Amino acid sequence: METYFLKNEDIFKFYDRIAEDFQLYVPVRIKSPLKAKCEYQFILPADDYLLKKYSEVNKEEVVFNEYRSVEPAARTFFTYFKEEVCGYFEGEEKKKKDKPAAICGIKNCDLFSLKIQDFVFLQGTGEDSAYKAKRETTLIISGDCPGFKEACFCRAFDINPHASEGFDFNFSPLNNGYLIDVGTERAGKIAQSLKDILTPATFGQISGRSTKRESVIKRLEEHLSYHKIPKKEALQEIVLSGYNSEVWREQMLTCVECGGCVFMCDTCHCFLLTDEPAEEGSRRLRVWDGCLLKNFMKVAGGANPLKMRYMRLRNRYMKKFDYFIDNTGLQACCGCGRCIDVCPGHIDIRYILRRLYEEKYLPTH
Amino acid sequence: MKKNIYQPIEAKILDIIQETPTIKTFVLKPESELSFRTGEFIELTVPGLGEAPFTPSSDPQVTESLALTIMNVGLVTSKLHNMNKGEVVGIRGPYGKGYPLDKFKGKDVLIVGGGVGLAPLRSLLFSLFSDMDNYHKVVLRYGARSPADIVFKNSLHEWSKKKKVDIVTTVDVGDSSWKGSVGLVTTILKDLPVDMKNAVSIVCGPPIMMKFANLKLLDLGFAPEDIYLSMEKSMSCGLGKCGHCRIGKYYVCKDGPVFTYGQLKDIHDIWD
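My aim in this report is to walk through the structure given alongside it, one point at a time.

About the cut-offs
Residues numbered from 1 in each chain as written. Chains lettered and ligands numbered in written order. Predicted model: local features only at pLDDT ≥ 70, side-chain atom pairs only at ≥ 80, totals over all residues. Heavy atoms only, no water. Helix = DSSP H or I, 4+ residues; strand = E, 2+ residues; numbered from the N terminus. Rg over C-alpha atoms; globule rule 2.2 N^0.38 Å. Buried < 20%, exposed > 50% of the residue type's maximum accessible area, 1.4 Å probe, protein only. Contact = heavy atoms within 4.5 Å. Areas by Shrake-Rupley, 256 points an atom, 1.4 Å probe, with all protein chains shown as cover. Lys, Arg positive; Asp, Glu negative; His and termini not counted. Charge placed at Lys NZ, Arg CZ, Asp CG, Glu CD. Salt bridge = Lys/Arg side-chain N within 4 Å of Asp/Glu carboxyl O. Buried area = accessible area lost by both parts, 1.4 Å probe. Polar contact = N/O pair within 3.5 Å; in protein donor to acceptor, adjacent residues only side chain to side chain. Nonpolar A, V, L, I, M, F, W, Y, C, P; charged D, E, K, R; others polar. Pairing = 2+ DSSP bridges. Axes fitted to C-alpha atoms, helices over the stretch in contact; angles between N-to-C directions. Core = buried A, V, L, I, M, F, W, Y, C linked by side-chain atoms within 4.5 Å. Phe/Tyr/Trp six-rings, centres within 6.5 Å; stacked < 30°, edge-to-face > 60°. Patch = residues over 30% accessible without salt bridge, like charges linked within 9 Å, V, L, I, M, F, W, Y side chains within 5 Å.

1. Digging into the overall build of chain B
Right, so step 1: For chain B, the helix and strand inventory stands at six helices and 15 strands.
Right, so step 2: In terms of C-alpha radius of gyration, chain B reaches 18 Å, essentially the compact-globule figure of 19 Å for 272 residues.
Right, so step 3: Over its C-alpha atoms, taken along the principal directions, chain B stretches across nearly 55 × 45 × 35 Å.
Right, so step 4: Here chain B holds 272 residues, and 58% of them are scored as buried.
Right, so step 5: In chain B, 69% of the contacts between residues at least 6 apart in sequence involve partners at least 24 apart.
Right, so step 6: Of the roughly 11200 Å² that chain B leaves accessible, carbon and sulfur atoms contribute 51%.
Right, so step 7: Charge-centre separation for chain B: the mean point of 33 positive side chains lies 1 Å from the mean point of 30 negative side chains.

Here it is, written out as structure tokens:
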């Protein structure tokens with residue numbers, strides 16, 4: 001893989017070049033007066049980042065995001081919340097003339113989630129053509145995480161806060177600029193056209209980056225040690241053995257059924273096909289759905305296998321840590337912590353997994 | 001052009017047969033031939049409203065048309081019940097894994113049906129009847145709520161006259177004209193003319209009926225691997241993508257709808 005160095009002052013030249021051919025999204029900061037105070041020495045930032053259209057933001061607003069964006073990037077950019085998937089009985093598929101997207105500020109947790117989304121929409125019984133088109137054309141410009149939020153827990157599942165695959169470009173902030181990895185042929189061609197601002201990375205720069213990455217991992221692992229999240233190897237057995245655990249009912253006491261956890265989740269993928277009335281053009285839409293919502297599994301006759309809230313919470317964990325591990329070998333959780341941040345009921349996946357683990361391996365009597 | 005997986009093809013309603021007060025059979029002619037194997041299902045579109053999954057009740061060997069026997073129970077089905085001959089619906093499919101006929105060959109085939117659950121079983125019966133040399137015997141035990149709720153009444157009578165075929169029907173509640181058995185379908189799962197050592201059983205009906213029929217069959221000595229269940233769950237895409245119909249590590253749409261009890265026995269709450 002080729003690696004280049006880009007000076008800070010040349011970053012907009014890079015963005016401008018990408019924006020020629022792509023609808024570029026870049027991170028902007030959403031300021032928060034809050035800081036998340038941990039019960040130990042860390043004080044972690046509570047600001048969030050949004051990925052916005054480069055063409056619609058002031059350059060002063062554009063930042064390098066220290067950690068993942070507030071929106072679940074793997075899901076939002078590849079399956080829209082509500083998206084037309086076909087008309088009725090029409091032969092031709094519509095051809096969109098929009099520029100393909102380029103997503104800058106996507107993180108390694110999101111790239112892990114893309115593996116889950118790919119499994120759902122590209123494998124098995126047929127390919128989802130709307131997803132496939134976006135997956136093929138979207139330019140992925142990932143970035144290392146030099147920081148993390150209180151809710152971040154990727155390393156608990158051995159996912160790094162920096163990417164080593166699955167991107168076109170990857171940015172690693174270093175000194176007064178960025179190291180840029182070129183991951184694909186397509187990205188290589190773009191890099192060729194930017195020779196005036198990209199210089200080959202030196203050995204010293206590469207090893208400097210490694211040191212930085214290791215120090216982030218070390219700090220993140222120290223943070224995670226407090227939460228005692230079980231290792232990914234234990235996930236399937238603890239959700240199976242914890243099927244009748246009290247933790248499901250107990251945690252759902254504060255659930256307000258907003259569906260935030262499923263809609264902010266990068267690996268959640270459930271959807272409903274819904275048809276618009278004839279007078280509105282008889283289009284078939286694919287709309288996000290979520291198993292924490294009351295009628296997710298309700299059938300026409302009225303029966304609902306997930307009638308109680310605790311059943312829906314449990315179902316979500318069974319799907320993520322039993323179904324997906326059985327069918328893909330991967331847990332459907334990237335450790336981004338977006339479900340923790342969004343939940344008004346303070347329901348915390350880290351705590352639930354820890355409880356399930358402790359109930360199995362560290363019973364109190 | 002590559003086919004869009006969510007796009008239905010047109011199908012014209014050729015005929016509508018009122019089976020019971022709440023159940024109609026719709027005979028459809030798809031714009032292009034659609035062949036299915038018994039037990040596989042299709043997604044039916046009522047234009048402008050939405051889709052629902054149904055397993056055809058017709059003979060799989062007939063490919064130019066197919067029949068769906070449908071109870072009026074939800075949004076899509078109630079609209080469908082108000083449609084007329086000549087109107088157009090959409091279908092896509094077939095999907096899923098149907099009945100593995102090869103595994104039934106040379107055996108006594110015990111079929112247990114409840115209510116509108118006889119719909120998919122009728123397509124299975126057509127498949128078995130067209131190849132009876134290969135099966136030792138076909139035994140059907142069918143339960144309906146009342147005599148008026150029995151589907152395919154005339155066919156049941158005709159089939160029972162066939163060689164190597166044994167049919168008993170029961171109703172939960174009889175009426176003055178009903179001379180047959182009264183009681184749940186499990187009450188007629190006794191003294192079966194079936195050689196348990198060389199038999200398979202197939203169950204299709206409402207979940208509560210399947211649950212108790214399955215228990216009864218286990219009691220009778222059927223191995224979990226020899227009990228075939230047609231599972232029903234809320235379903236949207238039919239393709240193993242939308243996430244609605246998961247049971248354990250399976251999706252009903254992609255890995256079923258036909259499962260052996262052996263596949264499902266370690267999964268919690270399968271009958272809910």
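So much for the structure itself; the text now carries on.
2. A word on the pattern of salt bridges
Right, so step 1: What the rule picks out here adds up to 42 salt bridges over all chains.
Right, so step 2: We note a salt bridge from A:Arg213 to A:Asp144, for which the minimum N-O separation is 2.8 Å. Here the residue A:Arg213 occupies a position in helix H6 (residues 203-227), and A:Asp144 occupies one in the loop between strand S8 (139-143) and strand S9 (169-174), the gap between them amounting to 69 residues. Like A:Asp144, A:Arg213 is buried.
Right, so step 3: Note that B:Lys85 is salt-bridged to B:Asp15, the shortest N-O span being 3.6 Å. Placement of the pair is B:Lys85 in the loop between helix H1 (75-81) and strand S6 (88-95) and B:Asp15 in strand S1 (residues 9-18), with a sequence separation of 70 residues.
Right, so step 4: By relative accessible area, which is 55% here, B:Lys85 ends up exposed.

3. Brief notes about the interface of chain A and chain B
Right, so step 1: The partner chain B presents 40 residues to the 48 residues of chain A that form the contact.
Right, so step 2: Across the interface of chain A and chain B, roughly 3500 Å² is buried in total on both sides, 54% from carbon and sulfur atoms.
Right, so step 3: Its largest share of buried area at the contact with chain B, chain A owes to A:Phe89, A:Thr125 and A:Tyr323, together 19% of the area lost on that side.
Right, so step 4: Between the two partners, chain A and chain B, sit two salt bridges.
Right, so step 5: Here A:Arg284 makes a salt bridge to B:Glu51, at a shortest N to O gap of 3.0 Å.
Right, so step 6: Our count for the contact surface shared by chain A and chain B stands at 19 residue pairs in polar contact (both at pLDDT 80 or more).
Right, so step 7: Here the side of chain A that touches chain B gets eight residues from one element, more than from any other, and that element is helix H10 (residues 309-328) of chain A.
Right, so step 8: Considered class by class, the residues forming the side of chain A that touches chain B number 21 nonpolar, 11 polar and 16 charged.

4. Concerning the sheet that holds strand S13 (residues 283-288) of chain A
All names here are of chain A.
Right, so step 1: In space, the three strands of this open sheet follow the order S6-S13-S12, with antiparallel pairing throughout. The open sheet terminates on both sides in strands that have one partner only, identified here as strand S6 (82-87) and strand S12 (271-275). Between one strand axis and the next, the sheet turns by 30° as a mean value, whatever way the strands run.
Right, so step 2: Summarising the sheet, S6 and S13 pair through five bridges and their orientation is antiparallel.

5. Concerning the nonpolar core
Right, so step 1: Ranked by size, the top nonpolar core spans 114 residues in total, and within it B:Tyr6 and B:Met231 carry the most contacts.
Right, so step 2: Formed by 30 residues, the second largest nonpolar core is a distinct cluster that contains B:Phe104, B:Leu124, B:Met132 and B:Ala144.

6. Thoughts on the packing of aromatic side chains
All names here are of chain A.
Right, so step 1: This model, assessed by the stated rule, comprises 29 aromatic pairs over all chains.
Right, so step 2: Geometrically, the ring pair formed by Phe-81 and Trp-288 is edge-to-face, given 5.6 Å between the ring centres and 70° between the ring planes. Placement of the pair is Phe-81 in the loop between helix H2 (73-76) and S6 and Trp-288 in strand S13, with a sequence separation of 207 residues.
Right, so step 3: Here Trp-288 falls in the buried class, since its relative accessible area comes to 9%.

7. A word on the environment of B:Thr186
Residue and element names in this part refer to chain B.
Right, so step 1: For Thr-186, the position within the fold is in the loop between strand S10 (181-182) and strand S11 (199-204).
Right, so step 2: Spatially, the C-alpha atoms of Thr-186 and Thr-170 are 9.5 Å apart, while their sequence positions differ by 16 residues.
Right, so step 3: Leaving out residues up to four positions away in the same chain, Thr-186 has contacts with Phe-212, Ala-213 and Lys-216.

8. Quick look at a nonpolar patch on the surface
Residues and elements named next belong to chain B.
Right, so step 1: Taken together, the side chains of Ile-208, Phe-212 and Leu-215 present a nonpolar region at the surface, about 300 Å² in accessible area.
Right, so step 2: Mapping Phe-212 onto the fold places it in helix H4 (residues 207-220).
Right, so step 3: Residue class for Phe-212 comes out partly exposed when judged on its relative accessible area of 43%.

Such coordinate-based values are descriptive only and should not be taken to indicate function.
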